[in-house]
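Topology and contacts: notes
Here's the letter readout for the chains.
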Amino acid sequence: MVKTDNFQRPVLSLRISITSRCNINCFYCHHDGVIPKQYEMTPSEIERISRIAKNLGIKKIRLSGGEPLIRGDIIDIVKRISALGFQDVSLTTNGTLLKEYAQKLKEAGLNRVNVSFDTLNPETYRFITQSNYLNQVKEGIKEAVKADLYPVKVNMVIMRDLNHQEIWDMFQFCKETGAILQIIELLKTESCPDTDFFDDYHYDIGIIEGELKEKATDIKTRPFMQDRKKYFLEGSEIEVVRPMDNTEFCKNCTRLRITPDGNLKPCLLRNDNLVDLMEPIRRGDSDEKLEKLFLEAISNREPYYDHC
Ligand code: SAM
């Protein structure tokens, strides 16, 4: 049975951060709201937590990080989770290792991927990620489309004067490749390495939404996905993610998170209401006790932006 929090929001998805480690270093990265720690859950701990989540009505699992594909046991993790029979098992990756992994992930039962890719310009890519993987990421996206990890979404965080001018080029790249572009507003969080970048680079994607409204032949709202808007145009689509100061985004949030070291995390933007699962797992607590901790985390859920 689906559980609902104190704000009548059903809890339908679990985003599992399986590592804090990453092989690139995006200057704006919020690390999925996680304060980096050394400890990582084992595949069997992740499987057990996912099974409990399923018993509590959670329908969808997303693996994230850090970079999930740098875990040597990623295929084992995906196999274990997908064997549990969720409606949807997906993964968010920086794409640098995706060419090698796309087919194996599909065979392990992964349904789809989101690839974070902010620019087609090699210099801008180097500036953002402090790495030179641009071509590998492009290849990875193509391989994921080929492996039918459908829909392959490209997550593009929009930054003023850095890549905001590239949105239509990225849209063309996605169209040609068979991927879907998802543009994301830059977010300021406690877990960003330094927050100075925000004033320099924040770009109000309301400006782009205005353009999209004019160009789109159809617009859809994703009700259980934070009320995100999808704009259909030129035989493809662009999805818009605007969490910042967005009461609708929070009102329609159906997500619970878990950190790499096994803390249930009710909100991306907070670290003061975590619920530890790892200590109870390690001391051998029963599934019933772990379910209670899930329920505690669900009851800790509050809309972060709630000022209207
Ligand atoms: N390593 C994986 C990746 O690169 O996709 C997964 C982790 S990454 C933290 C997950 C997503 O968060 C990426 O799509 C990334 O672009 C987005 N993200 C990170 N920091 C952000 C920020 N400050 N504002 C908006 N989105 C951000």
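Residues numbered from 1 in each chain as written. Predicted model: local features only at pLDDT ≥ 70, side-chain atom pairs only at ≥ 80, totals over all residues. Heavy atoms only, no water.

Observations concerning unusual backbone geometry
- With omega at -10°, the peptide bond leading from Tyr 150 into Pro 151 counts as cis.
- Looking at the secondary structure, you find Pro 151 in the loop between helix H5 (134-146) and strand S5 (153-158).
- The residue Gln 130 is not glycine, and still its phi comes out positive at about 55°.
- Residue placement: Gln 130 occurs in the loop between helix H4 (122-129) and H5.
- Using a relative accessible area of 53% as the deciding quantity, one classes Gln 130 as exposed.
- The backbone of Glu 234 sits at a positive phi, close to 45°, despite the residue not being glycine.
- Position of Glu 234 among the secondary structure elements: in the loop between strand S8 (228-233) and strand S9 (236-241). (Helix = DSSP H or I, 4+ residues; strand = E, 2+ residues; numbered from the N terminus. Buried < 20%, exposed > 50% of the residue type's maximum accessible area, 1.4 Å probe, protein only.)

Brief notes about the site of the ligand
- Contacts to the ligand come from 19 residues, most closely from Tyr 28, His 30, Gly 66, Ser 116 and Leu 187.
- Between Glu 67 and the ligand, the recorded distance is 3.1 Å, taken from a side-chain N or O atom to a nitrogen atom.
- One of the side-chain N or O atoms of Asn 155 is found 3.0 Å from an oxygen atom in the ligand.
- When the free accessible area of the ligand is taken as 550 Å², the share hidden by the protein chains comes to 94%.
- Elements with a contribution of two residues or more to the shell around the ligand: strand S3 (88-93), S5 and strand S6 (180-185).
- Considering only residue class, the shell around the ligand consists of six nonpolar, nine polar and four charged. (Near = heavy atom within 4 Å. Polar contact = N/O pair within 3.5 Å; in protein donor to acceptor, adjacent residues only side chain to side chain. Areas by Shrake-Rupley, 256 points an atom, 1.4 Å probe, with all protein chains shown as cover. Nonpolar A, V, L, I, M, F, W, Y, C, P; charged D, E, K, R; others polar.)

Comments concerning the packing of aromatic side chains
- This structure, assessed with the given rule, holds seven aromatic pairs.
- Seen in terms of ring centroids, Trp 168 and Phe 171 are 5.8 Å apart; in terms of plane orientation they differ by 90°. Their pairing is edge-to-face. In this pair, Trp 168 and Phe 171 both sit in helix H6 (residues 167-177), three residues apart, roughly one turn of the helix.
- Grouping aromatic residues by their ring pairs yields a cluster made of Phe 27, Tyr 28, Phe 127, Phe 197 and Tyr 201.
- Directly above the ring of Tyr 101 sits Lys 104, whose terminal nitrogen or CZ lies 5.4 Å from the centroid.
- Directly above the aromatic system of Phe 232 lies the positively charged group of Lys 220, at a separation of 4.9 Å from the ring centroid. (Phe/Tyr/Trp six-rings, centres within 6.5 Å; stacked < 30°, edge-to-face > 60°. Lys NZ or Arg CZ within 6 Å of the ring centre and 35° of its normal.)

Considerations on H4
- Here H4 has its buried residues at Thr 124, Tyr 125, Ile 128 and Thr 129. Angularly, the buried residues of H4 cover 110° about the axis, an arc narrow enough to put them on a single face.
- On its buried face, H4 is in contact with H5.
- Capping the start of H4, Asn 121 holds a side-chain oxygen 2.8 Å from the backbone nitrogen of Glu 123, two or three residues further along.
- Taken from the residues just after H4, Gln 130 is the one with a positive phi, measuring 55°. (Arc of directions from axis to C-beta. Contact = heavy atoms within 4.5 Å.)

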